[in-house]
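Coordinate inspection notes
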Amino acid sequence: MKSLRAMFGYLWRFINGIRRVIVNLVFFSVLAAVLIFLFHDEEPIVVPDNAILEVNPVGTLVEELTYKDPLAQFFDRAFHQQDDRPEVLVTDLVKSIENATNDERIGAIHLDLSALFPSGINKLKMVGQALQKFREAGKLVIASGDFYNQQQYYLASYADKVYLNPMGSVELDGFNYTQLYFKDLLDKLKINPHIFKAGKYKSAVEPFIRNNMSDEAREANQALYGEMWQSFVADIEANRDISPMITSGSLSDYETAFTEANADTAKMALNTGLVDALLTRSELRAELINLSGYDEDEESYRKIGFQQYLHAPSVEQILPDKDKPQIAVVVARGQIVNGSMKPGMIGGDSTAALLRKARLDENTKAVVLRIDSPGGSSFASEIIRQEVLELKKAGIPVIASMSSVAASGGYWIAASADQIWAAPTTITGSIGVFGMFFTVEDSLNAIGVHADTVQTTDMQPITNVTALPEQQQAILQRSVENAYQKFLNIVADGRGMSVEAVDDIAQGRVWTGRQALERGLVDHLGDYDDAIQAAAKLAELDDYRVKTIKQDVSTRFKWMMELSSVASTLLPDAGQANANNWLVQQAQQLFDSAAPLGHFNDPQGVYSYCALCLQPR
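Cut-off values and rules
Residues numbered from 1 in each chain as written. Predicted model: local features only at pLDDT ≥ 70, side-chain atom pairs only at ≥ 80, totals over all residues. Heavy atoms only, no water. Pairing = 2+ DSSP bridges. Helix = DSSP H or I, 4+ residues; strand = E, 2+ residues; numbered from the N terminus. Contact = heavy atoms within 4.5 Å. Axes fitted to C-alpha atoms, helices over the stretch in contact; angles between N-to-C directions. Salt bridge = Lys/Arg side-chain N within 4 Å of Asp/Glu carboxyl O. Buried < 20%, exposed > 50% of the residue type's maximum accessible area, 1.4 Å probe, protein only. Expected span 1.5 Å × (residues − 1). Arc of directions from axis to C-beta.

Taking strand neighbours across the sheet as the criterion, the six strands line up as β8-β6-β5-β4-β1-β11 in an open arrangement whose pairing is parallel. Bordering the open sheet on either side are β8 (277-278) and β11 (303-305), each of which pairs with just one other strand. Pairing geometry for strand β1 (residues 51-55) and strand β4 (residues 106-112), over five bridges, is parallel. In the strand pairing of β4, Val55 is matched with Leu111. Against the sheet, helix α3 (residues 90-101) touches β1 and β4, its axis set at about 165° to β1. Sheet contacts for helix α4 (residues 121-136): β4 and β5 (140-148); angle to β4, the most-contacted strand, approximately 145°.

Spelled out as structure tokens, the structure:
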């Protein structure tokens, strides 16, 4: 007994010792961070003369950064933890290039796109247009890479010179969309999906009731991605003189170019005009040194990163006039869910609150609702749309500006705006609704578990452990059809169309921005800046400022953000995430397919969500 007691005593002291070490480690780490924040004498960021602006985004280009706890960010950086899903604010990237265009200290831009994750084509084009203006100012843009995937190459095509490693390659093999299907899995697990939908093209529920695409889904997908690929190819062909053998999409043409290059992918890229030269990393470094001069401290060319450059003192620093009339921007990015959400998801309550905040600001003369969403909860979408109507009642014009995706619920919240602007490659439409839940009564029965219920009415509660009567299923189907009819009426009223005309182009069918323009679902093709100018025109503003409306945060949160910001300049970076890791890509695809289900929380169980609205690879 004594030996047992002694053993547990030793074990407890060991566990308690580990606990103290962990607590002390956390405590002193936080203390060190606080001391850094309080006593750090921030040195001004210096932009070298004739510097090269290093544009090297790590992650996916987004309209709004997903909320992350600042203390967690600090510890991730302190312990060299990589972010599996890093993000770059596209407006930051564009702003840095625009500032550099008129900055005499910046002589050129170097594009290093090796860590750029797949991003919306319209976002890449926004950056590309900023690069084009930089070049028009008489400045040089150089892109270099060991390998380019096709979205990285799209952005590289805007450069004056595109360089490739002699052992590298350029991927340009078209867009594809792959959907995972779970019918056989659900059958084997004896899980019963209950599906209610309105719209013959509404394919969001197909993975749970089929093992492949329906003819309608294949038709819609082929048309959608075919249009996007044509737009993609047109842009790179406008930027560079590329051999048709590469852009034709023909495997025979590709094989011919491959054979002519003796099976050397880098040489093939050079022969077909995809790149201008094959340079080793040392040769590239020497060229950049010749261009900008040698920085002895860095032992490299004179450069400054785009994120650091954003915080550098500008040549002409003009503070915004807070009393100016303003165009308020509300960003709606992510899946639409009921309730309040942090940035990166669209909460019906929280996004409606942002629109209300803009309306109650006496300086707001127009609002741009910037949408990047595949939809979600129909109820939450309607809560947001009702605030759009309140803005219009107050005499404040509303412009809906569509980013990469504004489909299903994303279109619902845009439908009542005064004008709708979309990029040619925006994925939009998907006007349809569905309801879905699963029951496991057969699965439970198979292992000897049974459920029984006592109830006071004929209306059986919807649970996961009991079957649903056919009569009640019919009621739910009619409820979904009613929601679809409401959606049609909303679009018809907002677009000045008949309900029948909307139904003809609805049915859950997905369109590109260009196709949507032809069908009357959007008013104009253009990007974010075009939407801002349209808002100013509607509000009759010549002199104004643009203000992004954000959620209110506590003083404590602001302090933590400052702490994290200071720490990020002093602690070593965790390194670049590997955008080309095959295993990571496959795992993320599986996660992306299932993740939206975890956020389905509509109080009536009715959803307007576009499952195929992920950006094509």
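Our next topic: the pattern of salt bridges. Here the structure, examined in full by the defined rule, presents 19 salt bridges. Glu518 is the salt-bridge partner of Arg519, the closest N and O atoms lying 3.5 Å from each other. Given a relative accessible area of 30%, Arg519 falls into the partly exposed group. In this structure, a network of salt bridges that share partners links the residues Arg356, Arg359 and Glu387.

Its twelve residues place the ends of helix α11 (residues 281-292) 17 Å apart at the C-alpha level, agreeing with the 16 Å of an ideal helix rising 1.5 Å per residue. The set of residues buried in α11 consists of Leu284, Leu288, Ile289 and Ser292. All buried residues of α11 lie within an arc of 140° about the axis, which places them on one face of the element. Looking at α11, the residues exposed on the side facing more than 90 degrees away from the buried face are Ser282 and Asn290. The secondary structure elements touched by the buried residues of α11 are β1, β4, β5, β6 (161-170), β9 (294-295) and β10 (300-301). Where α11 ends, the next residue or the one after it, Gly293, has phi of about 100°, a positive value.

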